[in-house]
Amino acid sequence: MLSLNTKKNYDVVIVGGGHNGLIAACYLAKAGRSVLVLEQQDKVGGTVVSEQVFPGVEAKLSVYAYLVGMLPQKIISDLDLDFQFRHRNPASFTPFEKNGIHQGLLINHESEAVTKQSFEQLTGSLDEYHSYLKFYHLQKSLGKHLWDSLLQPMQTKEEIKNRFQTEEEKLAWQLFIEQPLGVVIEEFFQSDLVRGLVFTDGTIGTLTHPHDLSLKQNRTFLYHIIANGTGDWCVPVGGMGKLTEELIAQCTKNGVEILNCAKVTKIEPEQGQAIVQFQHNNQQSCVSGSYVLVNLAPKKLSQLLTGYNPPNDPTDEGSFVKINMVLSKLPRLKADLDPVEAFTGTFHVNEGYQNIIDSYNMACKGVIPQQPPGEFYCHSLTDDSILSPSLISKGYQTLTLFGLEMPYSLFVNDNETAKQRVLDNYLNGVNQYLLDPIEECIARDENGQLCVEVATPVDVERKIGIPTGHVFHQSLSWPFVESEEERGIWGVEIGFDHIFLCGSGAKRGGCVSGIPGHNAAMKIIGNS
């Protein structure tokens with residue numbers, strides 16, 4: 001955007017041009033503040049970008065992030081963003097084989113009959129279905145009482161707990177907040193497949209297990225089930241990059257200055273302000289801000305800011321694999337079901353409860369899981385605007401897999417070899433349920449290569465700069481504070497009067513949400 005800034009003093013300097021940094025910039029600029037965004041890459045957006053990944057194949061893939069659930073409508077409205085998302089239905093499909101017959105558990109939130117029949121086929125009775133309904137109903141009370149609090153100053157645990165008034169709501173609090181998630185899952189469900197289906201929300205992007213005493217799995221689960229206040233995860237119309245495009249447009253409209261290819265080397269607090277040193281075009285420069293917002297992982301910030309020492313948990317590392325594909329056709333299933341129905345929602349593979357646990361144990365020992373759990377998403381079935389008219393007419397589709405129990409440590413020594421092995425394991429995993437091997441359905445680019453791209457935590461660390469490729473920057477936090485002394489903070493404070501976090505590593509951060517960006521902006525606006 002800028003060749004090099006000429007102004008040396010700003011009201012706010014934002015380090016890192018990911019979506020949270022851009023959201024903070026928009027709020028602050030609309031409030032009349034002068035804002036400079038420094039971005040190390042040659043473009044802003046961070047992990048919220050869309051790209052034509054495969055040569056000659058006109059499909060805009062959401063390269064890293066994929067679904068929208070934690071981005072509040074209030075932020076979209078406040079910033080006048082032309083950004084929409086669509087609900088998926090059916091919500092999910094989990095294939096299984098029973099008595100030699102291929103079937104699948106189809107969750108359809110618009111058809112109780114379909115879902116009920118599907119549970120009965122799986123378990124032979126409706127007991128598990130009724131348990132699922134009860135469990136789902138308990139989940140919803142969490143979103144009801146927590147969602148709106150995320151854009152407000154933080155309250156204590158006791159204050160949030162007091163929102164849960166009915167006996168049912170108190171039970172939900174106890175089951176999901178006070179004890180390991182595995183306890184309630186095993187109490188409610190008998191089917192290994194259903195247990196696994198439920199637990200996936202607790203381990204997406206997080207290396208953990210159902211009975212982890214740190215309750216890391218509970219916090220991850222919580223953020224996934226309170227999405228949009230309902231637990232709904234939706235497809236972004238136009239791809240994830242559309243959000244970044246809209247934020248850039250609003251930044252431009254409101255006078256935000258953005259400097260790309262600016263590598264920040266040091267942040268220094270000074271009386272009444274902070275100084276940011278950075279390199280640009282092989283030149284060293286510096287700029288001051290009355291406030292500095294940092295949209296970097298806490299581990300990264302600790303390298304730039306003397307005296308900042310975030311909690312250091314060596315076991316807290318990025319844990320995922322993302323596989324992006326373009327298909328020339330959807331594969332037919334061994335189960336008697338239209339593949340459009342199966343792939344519109346989340347297509348679960350190898351996500352039985354025990355297999356997730358076994359995969360976790362293997363990963364912790366440094367062994368790539370043989371049957372790695374993962375889930376497929378077909379964005380284009382809900383929003384085909386990411387495909388060119390030519391690809392649409394040919395029946396092409398996009399397909400993304402997000403893999404679980406895939407920690408950074410599995411890839412750090414030999415990323416390329418590990419990637420190929422993991423890819424083979426995932427493709428073999430889905431092929432056991434398909435009439436058409438997935439390899440025969442993958443399109444080829446203009447060079448004749450299969451349209452498959454694999455991203456690991458190591459790739460994210462190298463390309464985006466997030467330590468260990470942790471998509472949440474660090475383990476997710478509870479959406480409340482433990483002590484009365486912390487009551488009223490915004491969750492972005494780090495112990496310096498003029499320097500705050502505004503990224504996923506802030507309290508109530510993680511996911512594509514914009515919540516930390518909003519809260520950091522409110523912290524500054526409230527201080528002024």
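Residues numbered from 1 in each chain as written. Predicted model: local features only at pLDDT ≥ 70, side-chain atom pairs only at ≥ 80, totals over all residues. Heavy atoms only, no water.

Per an unreviewed UniProt entry, the protein chain goes by the name Pyridine nucleotide-disulfide oxidoreductase domain-containing protein 2 and belongs to Aetokthonos hydrillicola Thurmond2011. Under the Function (unreviewed entry) heading, UniProt states for the protein chain: "Probable oxidoreductase that may play a role as regulator of mitochondrial function." Turning to the protein chain, the UniProt record has this under Subunit (unreviewed entry): "Interacts with COX5B; this interaction may contribute to localize PYROXD2 to the inner face of the inner mitochondrial membrane." (UniProt positions renumbered as here; feature names shortened; annotations may be inferred.)

(A) Just the layout of surface pockets, in detail. Volume-wise, the second largest pocket comes out at about 620 Å³. Taken together, 31 residues make up the lining of the second largest pocket; nearest its centre are Pro311, Gln474, Ser475, Ser477 and Lys507. In terms of residue class, the lining of the second largest pocket is made up of 13 nonpolar, nine polar and nine charged. (1 Å grid on protein atoms, 1.4 Å probe; cavity = no way out; pocket = protein on both sides within 12 Å on 5 of 7 lines; lining within 4 Å. Points joined across faces, edges and corners; volume = space filled by probe spheres on them. Nonpolar A, V, L, I, M, F, W, Y, C, P; charged D, E, K, R; others polar.)

(B) Region of interest: empty space enclosed by the protein. Counted under the stated rule, the structure contains two cavities of 30 Å³ or more. Volume-wise, the largest cavity comes out at about 120 Å³. If you trace the largest cavity, you find 15 residues lining it, with Tyr66, Tyr377, His379, Thr398 and Thr400 closest to the centre. Looking at the lining of the largest cavity, the elements with two or more residues in it are β4 (60-62) and β16 (397-407). Ranked by residues supplied to the lining of the largest cavity, first place goes to β4 with three residues. (Helix = DSSP H or I, 4+ residues; strand = E, 2+ residues; numbered from the N terminus.)

(C) Local environment of the nonpolar core. Residues Leu38, Met70, Ile267 and Leu293 are the most contacted members of the largest nonpolar core, which totals 128 residues. Broken down by element, this core gets its largest block of residues, eight residues, from helix α1 (residues 19-30). With residues near it in sequence (within four places) discarded, leucine 293 still touches Val12, Val13, Ile14, Val15, Ala24, Leu28, Phe500, Cys502, Ala520 and Ile524. With 48 residues, the next largest nonpolar core counts Val326, Leu387, Tyr396 and Leu423 among its residues. (Core = buried A, V, L, I, M, F, W, Y, C linked by side-chain atoms within 4.5 Å. Buried < 20%, exposed > 50% of the residue type's maximum accessible area, 1.4 Å probe, protein only. Contact = heavy atoms within 4.5 Å.)

(D) Molecular detail of helix α19 (residues 515-527). With 13 residues, α19 extends 18 Å from end C-alpha to end C-alpha; this agrees with the ideal 18 Å at 1.5 Å per step. Across the 13 residues of α19, ten count as buried, placing the element largely inside the fold. Looking at the buried residues of α19, the elements they touch are β1 (9-15), α1, α2 (73-78), β12 (283-294), β18 (493-496) and β19 (499-501). (Expected span 1.5 Å × (residues − 1).)

(E) The arrangement of the pairing of strand β15 (residues 374-377) in detail. Residues Gly374 and Phe376 of β15 are buried on one face, and the alternating residues Glu375 and Tyr377, pointing to the opposite face, are buried as well. Bridge count for strand β14 (residues 346-349) against β15 is three bridges, and the pairing is antiparallel. Each residue of the ladder has a partner; that of valine 349, found in β15, is glycine 374. Pairing analysis gives four bridges linking β15 to β16, with the strands arranged antiparallel. Note that in β16 the partner of tyrosine 377 across the bridge is threonine 400. (Pairing = 2+ DSSP bridges.)

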